[in-house]
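Coordinate inspection notes
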Amino acid sequence: MKLRVDGLTVRFRIPGATVHAVTDASFELSEGRCLALVGESGCGKSVMAHALLGLLPANATVTGHAWLDPTATRTDSSGEALDLITAPEKTLARQVRGRRIGLIPQSPAAHLTPVRTARAHLAETLRELGRTETPDALAARAGLRPEDLDRYPHQLSGGMAQRVANALALAGDPPLIIADEPTTGLDRPLVDATMTELRRLRDEGRAVLLITHDLRAAEQVADEVAVMYAGRIVELAEAESFFTRPRHPYARGLLDALPTRAFKPVPGRPPELTRLPAGCAFQPRCPLATPLCDEQPKLNGVACHHV
Amino acid sequence: MSEPTSTLTVPDTRIQQAPGLEAEEITVSFGRHRVLDRVSIALRPGETLGLAGPSGCGKSTLARVLALLLRPSRGTVRMDGHPISRWRHRAPQRTRVALIFQQPRMAVDPRFTLEDVFTEPLRATRRPLDRAYELAEDLGLTRELFTRRPHEVSDGQLQRACVARALALEPAYLICDEMTTMLDASTQAHLVSRIEAYRERTGAAVLAISHDTELLDRWTDGNVHSWAAHRGI
Amino acid sequence: MAAVEATAGRRPGRRPVLAVATLAVLVLAALVVPLVAQLDQQLVDLRSAGLPPSLAHPFGTDEVGRDVLLRSIYGLRVSMLVGLVAAVVSVVIGGLVGLVAGTLGGLVDRLLMRVVDGFNSLPHLLFGVFIVAMFAPSPTAVVVAVAVTHWTTAARIVRSEVLSLRGRPFVDAAISGGSTRARVIRRHFLPNLAPHLLLATVLMIPHAIWHETALSFLGLGLPPHMASLGNMINDGQRSLLAGDWWSSLFPGLLILLPTLALSALAQHVRDRANPRWRSELVL
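My aim in this report is to walk through the structure given alongside it, one point at a time. (Residues numbered from 1 in each chain as written. Chains lettered and ligands numbered in written order. Predicted model: local features only at pLDDT ≥ 70, side-chain atom pairs only at ≥ 80, totals over all residues.)

1. Observations concerning the interface of chain C and chain B
Test applied: Contact criterion: two residues are in contact if their C-beta atoms, reconstructed from the backbone, are within 7 Å. Secondary structure is summarised from DSSP: a helix means a run of H or I of at least four residues, a strand means a run of E of at least two, and numbering begins at the N terminus for each. Following the grouping adopted for this structure description, the nonpolar residues are Ala, Val, Leu, Ile, Met, Phe, Trp, Tyr, Cys and Pro, the charged ones are Asp, Glu, Lys and Arg, and the polar ones are all others, Gly among them.
At the interface, 24 residues of chain C touch 29 residues of chain B. Residue assignment for the side of chain C that touches chain B shows that the elements contributing at least two residues are α6 (169-176) and α7 (181-217) of chain C. Looking at the side of chain C that touches chain B, its residues break down into eleven nonpolar, eight polar and five charged.

Given below as structure tokens:
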């Protein structure tokens, strides 16, 4: 299985303006690999996840492609390549969500119905997806004990709620998992545990798309890193080289901001997505800026004229 | 009665030094549930103290007690040597201590604009507003954000407004309760640097509460106390 | 964190054009017609008694020859005015009680809530009848009767909202920032309560109108010479058996129309009150 995103662009119409949430994003993700999509809050990362799952609201315009190619190495429910962007809602609901793509959302407890037990959630999902596995078996795969399943969402600790969310995402045995900011608000130990989980999923042969602003977490699981800034991917590199030798000035700035490194913020602020310049959006904050930057740099591993 | 949730002590020698913000043997119970059990902590002027511990062990409750927003069932709080006898809106010293919350969205009135948020303390105490605008700019808020409402800005921008609000009255004691948990690394680094600059300029004391030990180590230069946690639900 | 979330799939309702238009027509008619019409709604003309709807009398005439349309408009004015005043009085009284109970808490709160429970246990109409019976039939009596039985709704709404607001960190932040309790109420509680109060009032008006018409129908509300929709339905029931349906139906419709319009408007007010609806992009 392979996910090929090609020139994905998402715009939102709001009164009096257009929000350029994602512009010309392209990347590939194969099974057995984890791609971390990182960037500041509000840079468009979550929009990407919603676009892939067809969960964007009515005032969004999407262009480009996101091909879901099956390959022979993993059994897949359907045999043809599917463009997630143009696929009709019926296809997305019946074939994609839960079956070909599993979503691990932010704040798992908030995504669970408060009046039903965890077991009820799992059972319902399994039933909807037409799976024969029992909730207990599914829960065991996610590291939950049968007694945990009888709890209601408010009785679950942060870690358990996360595991329930993982179980729900895995219920349909999807080859691609999208984890949307799964670590926000979690303690470090829990973050580490979540990353261990994602590593396990990747090692099982799934493809994992991790969307996060937490670089320390991404470092634990990513094989490849894509950095987003102002809606564009500005660097796309193997994890090892990214974390040791980031090329794009913004990427370098982001890593320097970590308390485990220089703890220095990136000066300035990100641009409003309603008023993006024609050239490189990072120019005002960039130490390497020259008039060359008035022209939009192309992404060639890194989108910068000076690197 | 449930078992005590947490205890923390600090070496006694410090109590003898210059008075700051001290909490002694604080116990807080909500009904039968005891959230804090005989907790003591002292914050000295000019220092940055880190308090590390997992979420849910009572650190936020202690923060509220130190900010004079919650009256403890037992124990004493002393500010600059004087014991606190009145709490919340009745405490005249409440403006000397400011609290920054973990979730900026909950800490801001949804009907306020950002400008309202960071100018409110100066309005409430009838002081000129220039200081608020300087702070807002220093913390990275641009003019066009001033008229926006909380749901129209990101968490990072909202937290910047909250920090500006906290510093508006030049508090002598600043408590940052998981201030950066929702934020990305760059915003986090920026806010911490602004707070440290404030501390160096005014000699204020900062209590940084977080579960992120790497952050605390870096922020406080190793001056971190850990919260010996007992189990709590 | 922060996701870019646009809520445009559900615009805050198309503006409630129909509801507002209906209300506008009714209010305009109620205000303007009595001033402009040369006709006297009290004019009795026995030769024209009991006429079905026609061009000359679009709503027909009642059993003593009075034009039903004209009387209905007068009746509407009275009913809406009484309804509005009663609703506002209810909400003001209830709101104050709720604010005090929510803000002070403790013993005061418990006491006030017992009082609320007490008033709630009274059967509305029966108690209304009791109050009106103590005074001579008049608009004031009706307003008092409705207010006394309905203030508890607003009290509950306001109290619950105040309790929820008090626990929010932004109230703590305001106190930390030097606000007094009075300022917190003024700057934080009241603005956040205003939409609830407005909604409560808008929803209360049709209810108050019903009560007034019910009381008048029983002959206990407004004095019979004052055309109110309730009085008219009361009068109309006598001729109903004779087959004169128009003198009961049209007043009834005129009770129904503002009720429906106000409910639609209330829905819209509730949606608009949520600050998120005002802009559609959440960053």
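2. Digging into unusual backbone geometry
As a reminder of what qualifies: Put plainly, a residue is buried at 20 or more neighbouring C-beta atoms within 10 Å of its own, exposed at 12 or fewer, and partly exposed in between, counting only other residues' C-beta atoms, which are placed from the backbone.
Of note, D80(B) is a non-glycine position whose phi angle comes to about 50 degrees, a positive value. Judged by C-beta crowding, with 14 C-beta atoms within 10 Å, D80(B) ranks as partly exposed.

3. Looking at the sheet that holds strand β8 (residues 207-212) of chain A
All names here are of chain A. For clarity, the cut-off: Only strands that DSSP links by at least two bridges are regarded as paired with each other. Note on method: axes are straight lines fitted to C-alpha atoms, helices fitted across the in-contact stretch only, with angles between N-to-C directions ranging 0 to 180 degrees.
Reading across the sheet, the six strands line up as β6-β7-β8-β3-β9-β10 and stay open at both edges, with mixed pairing between neighbours. Unpaired on one side and paired on the other, β6 (101-104) and β10 (232-238) mark the two borders of the sheet. The average angle at which neighbouring strand axes cross in this sheet is 15 degrees, direction not considered. In terms of strand pairing, strand β7 (residues 176-180) meets β8 through five bridges, oriented parallel. When the sheet's bridge partners are listed, I178 is paired in β8 with L209.

4. Comments concerning the environment of E152(B)
Residues and elements named next belong to chain B. Locating E152 in the fold gives a position in the loop between α3 (130-138) and α4 (155-167). Judged by local crowding, E152 falls into the buried class, with 20 C-beta atoms found within 10 Å. Distance from E152 to S193, taken between C-alpha atoms, is 26 Å for residues 41 residues apart in sequence.

5. Notes on the pairing of strand β2 (residues 33-43) of chain B
Residue and element names in this part refer to chain B. Burial of β2 is extensive: eight of the eleven residues sit out of reach of the surface. Relative to β2, strand β1 (residues 21-30) is paired through seven bridges, and the arrangement is antiparallel. Across the sheet, L21 pairs through a bridge with L43, a residue of β2. Between β1 and β2, which pair antiparallel in sequence order, lie two residues; one of them, G31, sits at a positive phi of approximately 65 degrees.

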